[in-house]
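# Observations on chain architecture
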Amino acid sequence: MTAGAQEPVSGDSVPTAPAVASVTLLTAEDYDYDDGDNLVLTWEPSTDDQPDVGSVTGYRVYRITNNGEPVAVADLLPGSQSFRVQDLLVDSAYQFYVVTLSAKTSAESMRTSVMLTEREWINWNLWNLMLITLVIGGAILVYIETAKRGKKLFIRKIAGLEAIDDAIGRATEMGRPILFIPGIQDMDDVQTLAALTILGRVAEQVATYDIKIRMPVSRSLVMTAARETIKASYQAAGRPDAYSEDMVSYITDEQFGYVAAVSGIMVREKPATVFLLGTFLAESLILAETGNSIGAIQIAGTARPAQLPFFVAACDFTLIGEELFAASAYLSGEPRALGSLKGQDVGKAMAMAAVVLGVAAVTLYSLTEVGFFKTAADWLQALFTITSD
Amino acid sequence: MGDIRVIIVLLLIGGGLLWLLIRALRGKEVDRRLVFVFILVSVAAPLLLTITFEMKPTPVVQALYDKIENLPAGSKVLLSYDFDPPMAPEVQPMADVVSRHVLARKHKAVFMTLWATGQAQFNITLEEVIHRDFPEARDGVDYVHLGYKAGNEGVLNVIRTDFKKMFPTDVHTVPWDSLPILKRIRSCSDFDLIISLGGGKPGLKEWVLFVGDPTRVPTAGGVTAVVAPMLYPYYPGQMCGLLGGIKGAAEYENYFRDNHPEYAGMETPAMLMMGPQTVAHVVILAFIVIGNVLFVVTRRKEVKR
Amino acid sequence: MRREIPLGITIFVGFLAIVSFFSPPLEGLGEDFTLFFDIIAVFAFFLGGGNLVRIHATKLIKRKADWVYSIVTLIGFFGMLAAGLLKVGNPGGIAAPVTAPGSLFSTLYFNLNLPLGATMYALLAFYVASASYRAFRAKNREATVLLVAAFVILLGSTPFGTMLTSWIPHSLDILQIPNMAVWTLSAPNLAGQRAIMIGIGLGVVSMSLRLILGIERTYLGDDRG
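Small disclaimer: the values here were computed from a predicted structure and weren't measured. (Residues numbered from 1 in each chain as written. Chains lettered and ligands numbered in written order. Predicted model: local features only at pLDDT ≥ 70, side-chain atom pairs only at ≥ 80, totals over all residues. Heavy atoms only, no water.)

### Here's the deal with unusual backbone geometry
Residues and elements named next belong to chain B. Keep this limit in mind: The secondary structure listing takes helices from DSSP runs of H or I that are at least 4 residues long and strands from runs of E that are at least 2 residues long, numbered from the N terminus.
Of note, the bond from Lys201 into Pro202 is cis; its omega dihedral lies within 30 degrees of zero at 5°. Mapped onto the elements, Pro202 comes out in the loop between strand E4 (193–198) and helix H8 (204–215). The omega angle of the peptide bond from Tyr235 to Pro236 is 0°, so this bond is cis rather than trans. For Pro236, the location among the structural elements is in the loop between helix H9 (228–231) and strand E6 (242–244).

### Regarding the packing of aromatic side chains
Residue and element names in this part refer to chain B. Rules: Aromatic rings from Phe, Tyr and Trp, taking only the six-membered ring of Trp, are treated as a pair when their centres fall within 6.5 Å; an angle between ring planes under 30 degrees marks them as stacked, one over 60 as edge-to-face, and anything in between as tilted. Relative accessibility thresholds used throughout: buried, under 20% of the residue-type maximum; exposed, over 50%; partly exposed, between the two (1.4 Å probe, protein chains only).
Throughout the structure, instances matching the rule amount to 28 aromatic pairs over all chains. Ring geometry for Tyr65 against Tyr255: centres 4.7 Å apart, planes inclined by 75°, an arrangement best described as edge-to-face. With Tyr65 in helix H3 (residues 59–70) and Tyr255 in helix H10 (residues 245–259), this pair connects stretches of sequence that are 190 residues apart. Residue Tyr65 is classed as buried on the basis of its relative accessible area, which comes to 4%.

### Overview of the confidence of the model for chain A
Reading predicted coordinates in detail is not appropriate for stretches of low pLDDT. Residue and element names in this part refer to chain A. Keep this limit in mind: Confidence of the predictor at the level of single residues is captured by pLDDT, which takes values from 0 to 100. We call two residues in contact when some of their heavy atoms are within 4.5 Å.
The share of residues in chain A with pLDDT of 70 or more is 94%, and the mean pLDDT across the chain is 89. The least confident element of chain A is strand E1 (residues 2–3), whose mean pLDDT is 48; the most confident is strand E10 (residues 178–181), at 98. Here residues 5–11 is modelled with pLDDT under 50, and outside its nearest four sequence neighbours on either side it reaches 18 contacts, counting other chains as well.

### As for the domain arrangement of chain A
Note: interface size is frequently given as the accessible area lost on complex formation between the parts. Test applied: For the purposes of this description, domain bounds are those given by an automatic or database domain assignment.
Split into domains, chain A comes out as domain 1 (24–116) and domain 2 (156–325). For domain 1 of chain A versus domain 2 of chain A, the separation of C-alpha centres amounts to 59 Å.

### What about the sheet that holds strand E15 (residues 317–320) of chain A?
Residue and element names in this part refer to chain A. Definition in use: Between any two strands, pairing holds if DSSP finds at least two bridges. Helix axes use the C-alpha atoms of the stretch in contact, all axes being lines fitted to C-alpha atoms, and the angles between their N-to-C directions lie in the range 0 to 180 degrees.
A sheet is described by the order of its strands in space; here 6 strands give the open sequence E12-E11-E10-E13-E14-E15, paired in parallel fashion. Two strands lie at the open edges of the sheet, namely strand E12 (248–250) and E15, each paired on one side alone. On average, adjacent strands in this sheet sit at an angle of 15° to one another, irrespective of strand direction. Strands E10, strand E13 (273–277), strand E14 (297–302) and E15 of the sheet are contacted by helix H2 (residues 159–174), whose axis makes an angle of about 145° with E14.

### What to know about a positive patch on the surface
Residues and elements named next belong to chain B. Selection rule: In this scheme, patches are assembled from residues that exceed 30% relative accessible area and form no salt bridge. Like charges are connected within 9 Å, while nonpolar side chains (Val, Leu, Ile, Met, Phe, Trp, Tyr) are connected within 5 Å. Here the Shrake-Rupley method, with its probe set to 1.4 Å, supplies the accessible areas, and only the displayed protein chains count as covering residues. Salt bridges are defined by distance alone: a side-chain nitrogen of Lys or Arg within 4 Å of a carboxyl oxygen of Asp or Glu. Neither His nor the chain termini are counted; the positive set is Lys and Arg, and the negative set is Asp and Glu. Positions of charges follow a simple convention, taking NZ of Lys, CZ of Arg, CG of Asp or CD of Glu.
Together, Arg26, Lys28, Arg300, Lys301, Lys304 and Arg305 make up a region of like positive charge exposed at the surface. Mapped onto the elements of the fold, Arg26 is located in the loop between helix H1 (4–25) and helix H2 (32–49). Classification of Arg26 as exposed rests on a relative accessible area of 58%.

### Concerning the interface of chain C and chain B
Applicable threshold: By definition, the buried area sums, over both parts, the 1.4 Å-probe accessible area that each loses when the two are put together. Residues adjacent in sequence count toward polar contacts only when both atoms are side-chain atoms; beyond that, a polar contact is any pair of N or O atoms within 3.5 Å, and within protein one must be able to donate a hydrogen and the other to accept it. Gly falls in the polar group here, along with every residue not listed as nonpolar (Ala, Val, Leu, Ile, Met, Phe, Trp, Tyr, Cys, Pro) or charged (Asp, Glu, Lys, Arg).
Contact residues are listed per partner, giving 37 residues for chain C and 43 residues for chain B. Interface area for chain C against chain B, summed over the two sides, is near 3700 Å², with a carbon-plus-sulfur share of 73%. For the chain C face of the interface with chain B, the top three residues by lost area are Tyr121(C), Phe126(C) and Tyr133(C), together amounting to 18%. Counting across the chain C and chain B interface gives 1 salt bridge. The closest approach of N and O atoms between Glu29(B) and Arg137(C), which form a salt bridge, is 3.6 Å. At the junction of chain C and chain B, the tally comes to 5 residue pairs in polar contact (both at pLDDT 80 or more). Where the side of chain C that touches chain B is concerned, the elements lending two or more residues are helix H2 (28–61), helix H4 (104–135), helix H5 (141–156), helix H6 (159–165) and helix H8 (188–212) of chain C. Here the side of chain C that touches chain B gets 15 residues from one element, more than from any other, and that element is H4(C). Taken together, the residues of the side of chain C that touches chain B break down into 21 nonpolar, 10 polar and 6 charged.

### A short note on the interface of chain C and chain A
On the side of chain A, 75 residues touch chain C, which itself brings 58 residues to the contact. Across the interface of chain C and chain A, roughly 5300 Å² is buried in total on both sides, 69% from carbon and sulfur atoms. A salt bridge links Glu289(A) to Arg134(C); its shortest N-O distance comes to 2.7 Å. Among the secondary structure elements, those contributing two or more residues to the side of chain C that touches chain A are helix H1 (4–22), H2, H4 and H8 of chain C. If you tally residues by element for the side of chain C that touches chain A, the top one is H8(C), at 16 residues.

### Overview of the pairing of strand E4 (residues 56–65) of chain A
Residues and elements named next belong to chain A. Note: E4 against strand E7 (residues 93–102), 9 bridges, orientation antiparallel. Looking at the pairing, Thr65 lines up with Tyr94 of E7. Pairing of E4 with strand E5 (residues 71–76) involves 5 bridges; the strand directions are antiparallel. Paired with Tyr62 across the strands is Ala72, a residue of E5. If you look at the hairpin formed by E4 and E5, you'll find 5 residues sitting between the two strands, and Asn66 has a positive phi there, around 50°.

### Some remarks on the pattern of salt bridges
This structure, assessed with the given rule, holds 29 salt bridges over all chains. Linking Glu162(A) and Lys157(A) is a salt bridge whose minimum nitrogen-to-oxygen distance equals 4.0 Å. Here Glu162(A) falls in the partly exposed class, since its relative accessible area comes to 38%. A salt bridge links Glu289(A) to Arg32(B), with the nearest nitrogen and oxygen atoms 3.7 Å apart. With Glu289(A) in helix H6 (residues 284–293) and Arg32(B) in helix H2, this residue pair bridges two chains. We classify Arg32(B) as partly exposed; its relative accessible area is 25%. The structure contains a network of salt bridges with shared partners spanning Glu145(A), Lys148(A) and Arg149(A).

### Comments concerning the side chain of Thr224(B)
Here Thr224(B) is to be found in the loop between strand E5 (219–223) and H9. On the basis of relative accessible area, Thr224(B) is assigned to the buried category, the value being 2%. Once you skip the residues sitting within four places of it in the chain, Thr224(B) turns out to touch Met87(B), Glu90(B), Val91(B), Gly198(B), Gly199(B), Gly245(B) and Tyr121(C).

### Considering the environment of Gln298(A)
Residue and element names in this part refer to chain A. Positionally, Gln298 belongs in strand E14. Considered as a pair, Gln298 and Val274 are 24 residues apart in the sequence and their alpha carbons are 4.8 Å apart. Not counting the four nearest positions on each side in its chain, Gln298 is found in contact with Val274, Leu276, Leu287, Ala288, Gly291, Asn292, Ala314, Cys315, Asp316 and Phe317. At 2.8 Å, the side chain of Gln298 forms a polar contact with the backbone oxygen of Ala288.

### Examining the packing of helix H1 (residues 127–148) of chain A against helix H9 (residues 335–368) of chain A
Residue and element names in this part refer to chain A. In plain terms, the rule: For any pair of crossing helices, the crossing counts as left-handed if the nearer helix is rotated counterclockwise from the farther one by less than a right angle, and right-handed if it is rotated clockwise.
In the contact formed by H1 and H9, the axes pass within 7 Å of each other and the chain directions differ by 145°. The handedness of the crossing between H1 and H9 comes out as right-handed. Here Ile132, Val135, Ile136, Ala139, Ile140, Tyr143, Ile144, Ala147 and Lys148 of H1 lie close against H9, whose contacting residues are Pro335, Arg336, Gly339, Ser340, Lys342, Gly343, Gln344, Val346, Gly347 and Met350. Per-class residue counts for the contact of H1 with H9 are 11 nonpolar, 5 polar and 3 charged.

### Considering the sheet that holds strand E3 (residues 143–148) of chain B
Residue and element names in this part refer to chain B. Sheet architecture is open: 6 strands sit in the order E3-E2-E1-E4-E5-E6, paired in parallel fashion. Of all strands in the sheet, those with a lone pairing partner are E3 and E6, marking the two edges. Direction aside, the axes of adjacent strands within the sheet are offset by 15° on average. As defined by bridge partners, strand E1 (residues 76–82) adjoins E4 across 6 bridges and the pair is classed as parallel. Residue pairing across strands places Leu78 opposite Ile194, the latter belonging to E4. Sitting on the sheet, helix H5 (residues 118–133) touches E1, strand E2 (108–113) and E3, and the angle it makes with E3 is about 160°. Those strands touched by H10 are E5 and E6, and its axis lies near 120° from that of E6.

Here is the structure:
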């Protein structure tokens, strides 16, 4: 929707004979894909707006709402040719005009026609992201359904997860506790949730073998959720009496304060098995090396690539990236969860195909300069680019 | 480096490593506490004896320097102090030198932070750079500190389109509209350069994803060394420069000092820290060699048995 | 109902968060949910802080092992709380900024918190050395490649790397150690990291869908998930 200039009006403090030229061709257009709270104004700058020698010192944009009083909404620098008006209301009628300012005088432009903003419920600029989301999400749902119907799905062996049983068995034989560290982030981090789902499986075995589990945490909400998880696991194992709230304790939100406390726990209590699963930052190596120094078997997993090398160097088993998220499905063997793992493979296939085709297109274009290859490469790049407002 | 004490220390370290190598050839493992002692000496000695090295800037560091240097005077630069005390040894030097460069080029500097601890870190820059080297700079006119806002990426989502909504006042509770430096700023799109200094989350990656890439405002930053490799994918497409760790900071300090002789007397903590980093790296390399020698010797003994 | 209500909230909010990304009128919901979570997390601190005080007070009262350190913990906890929340020792009183110059909070922060945090971070230097000594051994082909890469990167991070290979002519400057280090980080390392990041992204999508659809419920304390 566009509204062009309509009629001249007199505004506040405007001389009857302006010595500076006003802007021209002022138009207002609805802003695409918004909540009806934006409009875009464009205009031709004043002819007196010249770099270095011009007399224009700036522009002031005025808004009239529902035929009310004009209100200044923005001061713009010389050279400005457009402005996005924000914080508008969907059901209100608006008009705009621009006042050209110079050192001593000002000049008012024609007003735009009265116009209403438009609200769009879907942002079609994000069509590519929608498409990818539907394809990957759809694939996951299809495989979940397939798995529900009893189809056997192949999932490769993950060494770190296969070792969990042995690690817990080691703790049982040695009569020493298990230490479970769920990372240092809060419940809004998906890695923490992944760690808690593994905790549920581990806690059930801990309850069955009657060994101790110790879980110092750095977030209060994680403490609460972990207690619920362990309690449910103990109930499932038929050992509700053996559960104690003190298995999970809050230390501090402060990163290195938490690390100092956990390191102290490791050195004093000498757990036989240490699980380091979740989001870790700089403290990953400190924890892993301390665990190594006490002779514990360590199973680590994180989706932070920067910390993976430290875990690989210092721990016995490392779950790399997506293996951490696959762990709960892998351990439970639940068909629907396994189906979701299979669905991820569709996303990987898409990524691989895009990489191969993109590299081929760019390479062939640089060798042959045939326009088709450039078009293909540009199209692929646009497919994976998010354009915002 | 010609100091006799330096030579003695380096000979001591070298001699000690040689001794460990001979022990490794005899199949003797190195106690980890000995490793710690060597690291202690290799880090402490260069600091105490002030051993420094000349550093040439790598392309990613040069890119940020050139960006700040070539922006027209008066450009608006947003600097976000997204780090805490543990990261400060690596990130504070880069924050200080970049802030000094921005003000030296007469750009308008808007400081903010997404970390609660960032405010204290900015106060260090305020005292040791702004008040000391730019006494004529006026708060609210040449620079402004907007303070801390909780919300991580939520803050970025808001300031991407409406800065004032998230920061209605500066850190001294002066209203937004009363600050001349903020007159032409409505959102992040009104900045000429965004610089995030940190290494955790939220940090430079979040700035690139939520602000820099959607708004196409040039975005750069300085991060800890361990995080820097993760950010190379964003250079030069979504990021126009990167300082990685103390080496990046030292390169920037060296280059800035060489090209701005008026600041020849400035403190260069990053360059000072490259001394221990260099010696410690060499010691670690030596231990890797010793470890492999021990591994080969041990394996041969087992094969013979 | 104890499980169903949280599950219902999860499903509703999860789908709404996805839809809000694509729908301009609902766009603000994403940041609203983020703020809601931050507010809830702050209130949850009372649980965590209370738990901390209870554990250490019990240790102290019952004289359990290492009870002396619990005194340190409790003094630190209540001391910082008094200095920060009640502005004890703040020259400007309770209305002044918490980090006002000369305040007890600033003194404790700059003279205790900051050096202690830096000290813990400094432990990494020692642990990197001991981990490198133990881990970088040429046990097999892959370990040998890792060893060579580590050598190049470590040397490339120092001026010695430049000194050792500065004689290499310009036409072969990729063989200069600093350039090899940059190439190693920005080519094979980057390719591997990008692949891991793609896998992580897909893993997050899959995990999130399992959470939103209620397939994964262990974090709610429901063992059947």
